[in-house]
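Geometric and topological summary
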Amino acid sequence: QAQLVESGGGLVQPGGSLRLSCAHSGSIFSIKVMGWYRQAQGKQRELVAVITSSGNRNYADSVKGRFTISRDIAKNTVYLEMNSLKPEDTAVYYCNVRAGLAETWDYWGQGTQVTVSS
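The text that follows walks through the structure, step by step, so that each part is easy to find. (Residues numbered from 1 in each chain as written. Predicted model: local features only at pLDDT ≥ 70, side-chain atom pairs only at ≥ 80, totals over all residues. Heavy atoms only, no water.)

1. So, the overall build of the protein chain
Of regular secondary structure, the protein chain possesses zero helices and 11 strands. Mapped in sequence order, the helices and strands of the protein chain form the string β-β-β-β-β-β-β-β-β-β-β. In terms of overall dimensions, the protein chain has C-alpha extents of about 45 × 30 × 25 Å along its principal axes. Long-range contacts, defined here as pairs at least 24 residues apart, represent 53% of the contacts in the protein chain between residues at least 6 apart. Accessible surface for the protein chain amounts to roughly 6,700 Å². Of this, 46% is attributable to carbon and sulfur atoms. Across the protein chain, the 12 positively charged side chains and the 9 negatively charged ones have centroids separated by 3 Å. (Helix = DSSP H or I, 4+ residues; strand = E, 2+ residues; numbered from the N terminus. Contact = heavy atoms within 4.5 Å. Areas by Shrake-Rupley, 256 points an atom, 1.4 Å probe, with all protein chains shown as cover. Lys, Arg positive; Asp, Glu negative; His and termini not counted. Charge placed at Lys NZ, Arg CZ, Asp CG, Glu CD.)

Written out as structure tokens, the structure reads:
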């Protein structure tokens, strides 16, 4: 059973926009970082954007100015707003939640496909 559920992926033309959502279990406490990763065909998984428990945000250089990560704590959801999409953004996008106190646990979703093509 998946602990995180991503949604919002699909096929979009270059220059278009998509918003990804990731809902996680409300029983996950002591969340440290929430973020999005992606893995393109034949490439390693890479970090796209993260948001810390204090609200600080960081982005990969390739998406700065185009993507925005946000969260809704009450709804146990993290979002990734993607604008001005490029073909090189095509990948499977994975949601990640890092939580714990003395120990750290990583929770992953099943991934959602984003395809940018004309």
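From this point, the discussion proceeds with the structure in view.
2. So, unusual backbone geometry
If a residue is not glycine, its phi is most likely negative; likewise, a peptide bond is most likely trans. Positive phi outside glycine occurs at Asn76, with the angle close to 55 degrees. Relative to the assigned elements, Asn76 resides in the loop between β7 (67–72) and β8 (77–82). Relative accessible area serves as the criterion here: at 24%, Asn76 is assigned to the partly exposed category. In this model, Ser84 sits at a positive phi of 50 degrees, which is unusual for a non-glycine residue. Position of Ser84 relative to the elements: it lies in the loop between β8 and β9 (91–99). (Buried < 20%, exposed > 50% of the residue type's maximum accessible area, 1.4 Å probe, protein only.)

3. Regarding the pattern of salt bridges
Summed over the entire model, instances satisfying the criterion amount to five salt bridges. In this structure, Asp61 and Lys64 form a salt bridge, with 3.1 Å as the shortest nitrogen-oxygen distance. Comparing Asp61 with Lys64, the two get one shared label, exposed. Its salt-bridge partner being Asp89, residue Arg66 comes within 2.8 Å of it at the nearest N-O pair. Of this pair, Arg66 sits in the loop between β6 (57–59) and β7 while Asp89 sits in the loop between β8 and β9; the two residues are 23 residues apart in sequence, bridging distant segments of the chain. As far as the burial class goes, Arg66 and Asp89 line up, both buried. (Salt bridge = Lys/Arg side-chain N within 4 Å of Asp/Glu carboxyl O.)

Note that all results are geometric; they support no functional claim without further evidence.
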